[in-house]
Amino acid sequence: MKCCNNDEFSIRVVKDHIYFNGIFAEYKQWKWHGEPSTMNNNRVAESETVDFHQDLGQLGDINNGIEEREDEEISRDSNEFLKFVKDGDKPLWPGNTKMTKLNAIIESFNLKAKHGMSDHCYSDMLMMIAMFLPEDNEIPGTVQEAKKSLAALGMGYEKIDACPNDCILYRGEELAEAKICPTCGASRYKLNKDDVPREGVSAKVLWYFPPIPRFKRMFQSTTTAKALTWHVDDRKMDGMMRHPADSPSWKLIDTKWPEFGKEPRNLRLALSSDGFNPYRSLSSKYSCWPVILVTYNLPPWLCMKRKHMMLTLLIAGPKQPGNDIDVYLQPLIDDLKKLWDGIEGVYDAVRGEYFKLRAVLFWTINDFPAYGNLSGSIVKGYNACPVCVDETKPYRLKHSKKMVFMRNRRHLPRHHPYRKQSAAFDNTVENDVAPIPLSGEEVLSRVKGYVGRKFGKKNPIPPWKASDNQNRPCWKKQSVFFELDYWKYLPVRHVLDVMHIEKNCCDAILGTLLNIPGKSKDGPAARMDMVEMGIRTDLQATPGPNRSKFPLGSWNLLLEEKKIVCRSFFGMKVSSRFSSNVRNLVSMEDLRLVGLKSHDCHTIMQIILPIALRSVLAKPVRYAIIRFCLFFKAICSKVIDVSKLKQMQADLVDTVCLLEKFFPPSFFDIMIHLTVHLVREVELCGPVFLRWMYPFERYMKVFRGYVRNHNFPEGCIAENYIVEEAIEFCSDRFLDEGATTAGIPTKSLSGLCNGCKRLSGSVMVVVPYKQLQLAHLCVLRNTEDATPYFIEHMEFLKLIYPDMKKKKKWLREKQNATFADWLKERVANEMMFPHNQVSEALRWMAGGPRDLVPTYSGYHVIGVDFSTKDQDNKRTVQNSGVHLVADAMQVASAKDNNPKTRDMDFYGVIREIWEVDYYKFRVPLFKCDWVESSKGIKVDELGFTLVKLNRLGHSNDPFVLATHVKQVFYIEDPLDTDWSVVVRCPDRDYEGTLADEESDQIEVEHQPFIPTMPSVDTFDDLVGHQPSIHIRDGNEGIWIDN
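Values in this document were obtained by computation on a predicted structure and should not be read as measured data. (Residues numbered from 1 in each chain as written. Predicted model: local features only at pLDDT ≥ 70, side-chain atom pairs only at ≥ 80, totals over all residues. Heavy atoms only, no water.)

Asker: Would you mind going over the sheet that holds strand β16 (residues 547-551) with me for this structure?
Answerer: Across a sheet, paired strands are connected by hydrogen bonds in the backbone, their directions being either parallel or antiparallel. Strand order in this open sheet of three strands is β15-β16-β34, and the pairing throughout is antiparallel. Bordering the open sheet on either side are β15 (542-543) and β34 (1037-1041), each of which pairs with just one other strand. In this structure, β15 lies alongside β16, joined through two bridges in antiparallel fashion. The residue bridging Thr 542 from the neighbouring strand is Lys 549, located in β16. (Pairing = 2+ DSSP bridges. Helix = DSSP H or I, 4+ residues; strand = E, 2+ residues; numbered from the N terminus.)

Structure follows, in structure tokens:
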């Protein structure tokens, strides 16, 4: 290379300069280093990089301390890299000046990753592309050849042998060469039919993806490096909680270790692990366990995206590691220790400097069984709550043979009336106070006795016996995470997963209400348990000769009510991608819901169930369930008002106590109890959507799609992961601007026409002149360039009609009728002057649109699919509902000439989709039937917005810009079929680019609302102390064979 870098810098620095900045501007092609060539590397040169060569001396001074160590590390890695650059820089075919071999591989592999192509499909596609290109092209022949070309970009992985009984890893000086497990005596290698070890064929393998080089590489991408300091540079700080950076846990790290907090590039991490079957079946015979890290330095719309979810461990099956997972976590813990101490020589591509990188692990994210495996807590039995531990104090039901958790009144204020209402609860007066969660230091002091316990399936934890004269244990081991120096100081080390808690609560409520076999918490055993507890004894069975009849409890739906609820579910049509088709979840024959997935339960619990229950059950029971549903809706908000968390916790405790009044004791399993601790974790850790299992469960599906060879599932996952990892790293540099990858969803663009596309063919219609003028006026009123002309025209009207200048309504109507013609003349006069200020868009608009209008049945606008009402009638989704917030004149009466202008909510249904053609460009409009505002819209006592879709208004203003509306859908109100409940759809703005507050809530989940709930005292007035409230009216019952 003809430059001075070889003389003044280490080879590591020179390599970085070449790779991340490209050859100097005067160079024409990498391969020949400035020799004459026709190769054009514009696509590489245009990438976002930092210009080093102007400050070589300064960087040389910075790196004097680490050059010697770097020079020793170049041999194999540098040779592989140089070979990669030399091979990838070849023209795609001789004489090509636009595309290199590397560009082609990255572009094609990106398509493979985005669309889940199989290896065979990808190989066939390469062969087809090669056929279309000139001879001697450099397109790889197979997927294996393409992977080899990308191998130098991948970070790679390590394969560490493990004991098949999960006792040890064969690593370190003592165990690296061992052939037999020193703990259980099992062979390191698989045995053949004669029980002879097959040398070199490991019985079990841990696939380890070292995180340190991957963290280094994150800072080598200018896009990612800039995003990693978002929490300091661009985070909105207004007292609301949107991100873990707003939480006390984040601030604790900054306060307790100020040197760590001063460096914004230091990483804050979370870890998640769960098992899945890689064979696309729900069987539990094979369980593969990935361990994934996420980085909270990133903005909330990137934290949980596939690109930034870092696979660190892959624990091979078929058996799950269970409590022995600590054995497999040890390599990662060792690297986390190094990251806490600091990694020198990490290069920041944005600042153009090397720095010392440190990282801290905040918490783990798991479902409840895995929570016990990672934390060491016992998560079943008497001490099943990991927060209350030995203060959990459950009650064991003799006939149901299960533990129930009914001490929720401890969380009430000291003098709350519920504490003394023994008959309404479990026949006890509650005098205890809520247990105080243990700190990390207190937990560590209690688990020290578990240090030194041998791991492995041959060393199970001995069961506790009452004769041991010891308290029941709360832990089964000391978690390996306590090896991290800072772990004991963190307020929350393992978070409760709201996703699984919500699903279990939803299953329990639906199963009990609809009396679904296997899901219901009611039954003969539950009734006998209540009799034994001395509560609600009037619900016991009435024996008969062959069958016994149980009266319906307050929690049971009558037959007609079951039909109402199921018909409500069956008739619901939601918008695209809102949830699965609700109709498919309903069995009208059995009057039950079947096949519910986690996200179905999420949607039902927060949106659909409160609507379906509006006309069934006694009012106190119905409101208690709705309150419980609305708690999950509030806690899943993307923006948390910290000042309201205390009241949210109080409302939740009141609600759970209400459920205790109306539901059988068997209903209150550990999942219901854990809800009491969720608000505390929100307060300490931040929003739920960055701490639940949804993104990780989706990532498991991606891993399952990687498996092509069922004999080696983990190998398939590892190989595909490092290739996709390389593609994501190269995407900023080698892919075209605006190109998308599998790791980040498609970017939405806001604006008049951006982010829009047609979803159907067009039908050309000649529209009436009056309708066309209304559409034209809608476009003009929403065009910024036309605003000064509206103001000028209004002053003109006041001038020529001086008697009407105070009548705002008349002036507004007159302007609507005359503005288009006036503007056409006004712009034509202004165009006569050579240096006029009329924009090109306004010139075309002033001339008016064509009277031939293309209409469509579907349109895609900023991530959302809209369709006409006629199209919805043919489909199973509802995409025609719209909501608009706009300034509107509020008229007190027909004689009111001075109406007030304020923001108003408008709800409607799309009847037609137009593209108004201004010859040079088109503007998409929705022609809607709007609901009349005064008598067609209302809000009930629960906060639901209801509309009467057959009561129409605003007929003189039917048009709205497609980019100005939000999508809603309507569910028929079970109380009154003339009304429909409005459900607002979530925004799908992945990068928070829209200006309004709601758009900052970027996760594609449901927006919460704060309803006006009746006070708890209201329920006491309704219920009183009447024992008959527990029995439904009528003669219906549940019959059980004797």
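So that's the structure; there's more coming.
Asker: Quick question: what am I supposed to make of helix α30 (residues 769-781) here?
Answerer: Along an α-helix, a turn takes 3.6 residues, which lines up residues three or four apart on a common side. The end-to-end C-alpha distance of α30, which contains 13 residues, comes to 18 Å, matching closely the 18 Å that a straight helix rising 1.5 Å per residue would cover. Among the residues of α30, Gln 771, Leu 772, Ala 775, His 776, Leu 777, Cys 778, Val 779 and Leu 780 are the ones counted as buried. (Expected span 1.5 Å × (residues − 1). Buried < 20%, exposed > 50% of the residue type's maximum accessible area, 1.4 Å probe, protein only.)

Asker: Mind showing me how you'd approach the nonpolar core here?
Answerer: Counting residues in hydrophobic clusters, the biggest one holds 201 residues, and the most contacted among them are Tyr 296, Phe 569 and Ile 625. Residue contributions to this core peak at 12 residues, all from helix α24 (residues 619-635). Within the second largest apolar cluster, 26 residues are counted, among which are Leu 772, Trp 822, Val 827 and Leu 961. (Core = buried A, V, L, I, M, F, W, Y, C linked by side-chain atoms within 4.5 Å.)

Asker: Quick question: what am I supposed to make of the pattern of salt bridges here?
Answerer: Think of it this way: side chains of opposite charge can pair up when their charged atoms draw near. Enumeration over the complete set of coordinates arrives at 45 salt bridges. The partner of Lys 457 in a salt bridge is Asp 166, with the nearest N and O atoms 2.4 Å apart. In this pair, Lys 457 sits in the loop between α19 (440-447) and β14 (494-495) while Asp 166 sits in the loop between β1 (158-162) and α10 (172-175), placing the two residues 291 residues apart along the sequence. You can call Lys 457 partly exposed: its relative accessible area is 33%. Residues Arg 446 and Asp 390 are paired through a salt bridge, measuring 3.2 Å at the closest nitrogen-oxygen approach. Of this pair, Arg 446 sits in helix α19 while Asp 390 sits in the loop between α18 (368-375) and β12 (395-397), placing them 56 residues apart in sequence. Given the relative accessible area of 38%, Arg 446 is considered partly exposed. Overall, Asp 390 belongs to the partly exposed group, its relative accessible area being 34%. What emerges from the salt-bridge pattern is a single network uniting Glu 263, Arg 265, Asp 348, Arg 351 and Glu 353. (Salt bridge = Lys/Arg side-chain N within 4 Å of Asp/Glu carboxyl O.)

Asker: Please explain empty space enclosed by the protein as it appears in this structure.
Answerer: A probe as big as a water molecule, rolled over the atoms, marks out the empty space that is left. Using the criterion set out here, one finds seven cavities of 30 Å³ or more in the structure. Taken as a whole, the largest cavity holds about 330 Å³ of empty space. Around the largest cavity sit 17 residues that line it, and Arg 217, Met 218, Lys 307, Glu 725 and Glu 728 are the ones nearest its centre. Secondary-structure elements contributing two or more residues to the lining of the largest cavity are α11 (211-220) and α29 (713-734). Among the elements that make up the lining of the largest cavity, the one with the highest residue count is α29 (six residues). (1 Å grid on protein atoms, 1.4 Å probe; cavity = no way out; pocket = protein on both sides within 12 Å on 5 of 7 lines; lining within 4 Å. Points joined across faces, edges and corners; volume = space filled by probe spheres on them.)

Asker: I tried to follow the sheet that holds strand β23 (residues 858-861) on my own but got confused; where do I start?
Answerer: What the three strands build is an open sheet, ordered β20-β23-β24; its pairing is antiparallel. Two strands close off the open sheet at either side, each with one partner strand: β20 (756-758) and β24 (864-867). When strand polarity is set aside, the average angle formed by the axes of neighbouring strands in this sheet is 20°. (Axes fitted to C-alpha atoms, helices over the stretch in contact; angles between N-to-C directions.)

Asker: Please clarify how the packing of aromatic side chains should be interpreted in this entry.
Answerer: Remark: the centre distance and the inter-plane angle together describe each pair of aromatic rings, the angle taken between the planes. Evaluation of the coordinates by the stated rule reveals 34 aromatic pairs. Between Phe 209 and Tyr 721 the ring centres are 5.5 Å apart and the planes differ by 80°, which places this aromatic pair in the edge-to-face class. Taken together, the residues Phe 209 in the loop between β4 (204-208) and α11 and Tyr 721 in helix α29 connect sequence positions 512 residues apart. Each member of the pair Phe 209 and Tyr 721 is classed as buried. (Phe/Tyr/Trp six-rings, centres within 6.5 Å; stacked < 30°, edge-to-face > 60°.)

Asker: Sorry, what's going on with the pairing of β23 here?
Answerer: Within a regular strand, the side chains alternate between the two sheet faces. Across the two faces of β23 the burial is the same, with Gly 858 and His 860 and Tyr 859 and Val 861 all buried. In this structure, β20 lies alongside β23, joined through three bridges in antiparallel fashion. Bridge pairing links Cys 756 to Val 861 in β23. Bridge count between β23 and β24: four bridges; the pairing is antiparallel. Paired with Tyr 859 across the two strands is Phe 866, which belongs to β24.

Asker: I'm lost on the environment of Leu 946 in this one. Help?
Answerer: Residue placement: Leu 946 occurs in strand β29 (residues 945-947). Separated by 37 residues in the primary sequence, Leu 946 and Val 983 place their C-alpha atoms 9.4 Å from one another. Apart from residues no more than four positions distant in its own chain, Leu 946 is found in contact with Arg 614, Gly 936, Ile 937, Lys 938, Asp 940, Asp 973, Trp 979, Ser 980 and Val 981. (Contact = heavy atoms within 4.5 Å.)

Asker: Whenever I open this one, the pairing of strand β3 (residues 197-202) confuses me. Can you help?
Answerer: The pairing of strand β2 (residues 189-191) with β3 spans two bridges and is classified as antiparallel. From the neighbouring strand, Leu 191 faces β3, where its bridge partner is Pro 197. Linking β2 back to β3 in an antiparallel pair, the connection comprises five residues, with Asp 195 at a positive phi of about 60°.

Asker: I'm lost on the packing of α24 against helix α25 (residues 645-662) in this one. Help?
Answerer: Relative orientation and spacing of two packed helices are given, respectively, by the angle between their axes and the distance between those axes. At a closest axis distance of 9 Å, the pairing of α24 and α25 adopts a crossing angle of 145°. Like other packed secondary-structure pairs, α24 and α25 cross with a definite hand, here left-handed. In this structure, α24 contributes Pro 620, Val 621, Ala 624, Ile 625, Arg 627, Phe 628, Phe 631, Ala 634 and Ile 635 to the contact, and α25 contributes Met 648, Asp 651, Leu 652, Asp 654, Thr 655, Val 656, Leu 658, Leu 659 and Phe 662. Split into classes, the residues belonging to the contact of α24 with α25 amount to 14 nonpolar, one polar and three charged. (Left-handed = near helix turned anticlockwise from the far one by under 90°. Nonpolar A, V, L, I, M, F, W, Y, C, P; charged D, E, K, R; others polar.)

Asker: Help me understand the side chain of Asp 973, please; the structure alone is not making it clear to me.
Answerer: For Asp 973, the position within the fold is in the loop between β32 (966-972) and β33 (980-984). Judged by relative accessible area, Asp 973 falls into the buried class, the value being 3%. Looking at Asp 973, its side chain comes within polar contact range of the side chain of Arg 614, at 2.7 Å. Every residue in contact with Asp 973, bar those within four places of it in the chain, is listed here: Arg 614, Leu 946, Trp 979, Ser 980 and Val 981. (Polar contact = N/O pair within 3.5 Å; in protein donor to acceptor, adjacent residues only side chain to side chain.)

Asker: Sorry, what's going on with a nonpolar patch on the surface here?
Answerer: Side chains of Met 128, Met 131 and Phe 132 sit close together on the surface and give an oily, nonpolar patch of about 400 Å² of accessible area. You can see Met 131 is positioned in helix α8 (residues 119-132). What makes Met 131 exposed here is its relative accessible area of 67%. (Patch = residues over 30% accessible without salt bridge, like charges linked within 9 Å, V, L, I, M, F, W, Y side chains within 5 Å. Areas by Shrake-Rupley, 256 points an atom, 1.4 Å probe, with all protein chains shown as cover.)

Asker: Would you mind showing me how to read the packing of helix α22 (residues 559-570) against helix α23 (residues 598-612) here?
Answerer: At a minimum axis separation of 9 Å, α22 and α23 run at an interaxial angle of 130°. Taken together, the axes of α22 and α23 lie oblique to each other. Every pair of crossing elements has a handedness; the one defined by α22 and α23 is right-handed. Mapping the contact onto sequence places Val 565, Ser 568 and Phe 569 in α22 and Ile 604, Ile 608, Leu 609 and Ala 612 in α23. Its residues assigned to classes, the contact of α22 with α23 shows six nonpolar, one polar and no charged. (Parallel < 35°, antiparallel > 145°, perpendicular 65-115°, else oblique.)

Asker: Help me understand helix α20 (residues 498-513) in this model?
Answerer: Between the first and last C-alpha of α20 there are 22 Å, a value that for 16 residues agrees with the 22 Å anticipated at 1.5 Å per step. Looking one or two residues past α20, Asn 515 carries a phi angle of roughly 55°, positive in sign.

That is the geometry; function is a separate question.
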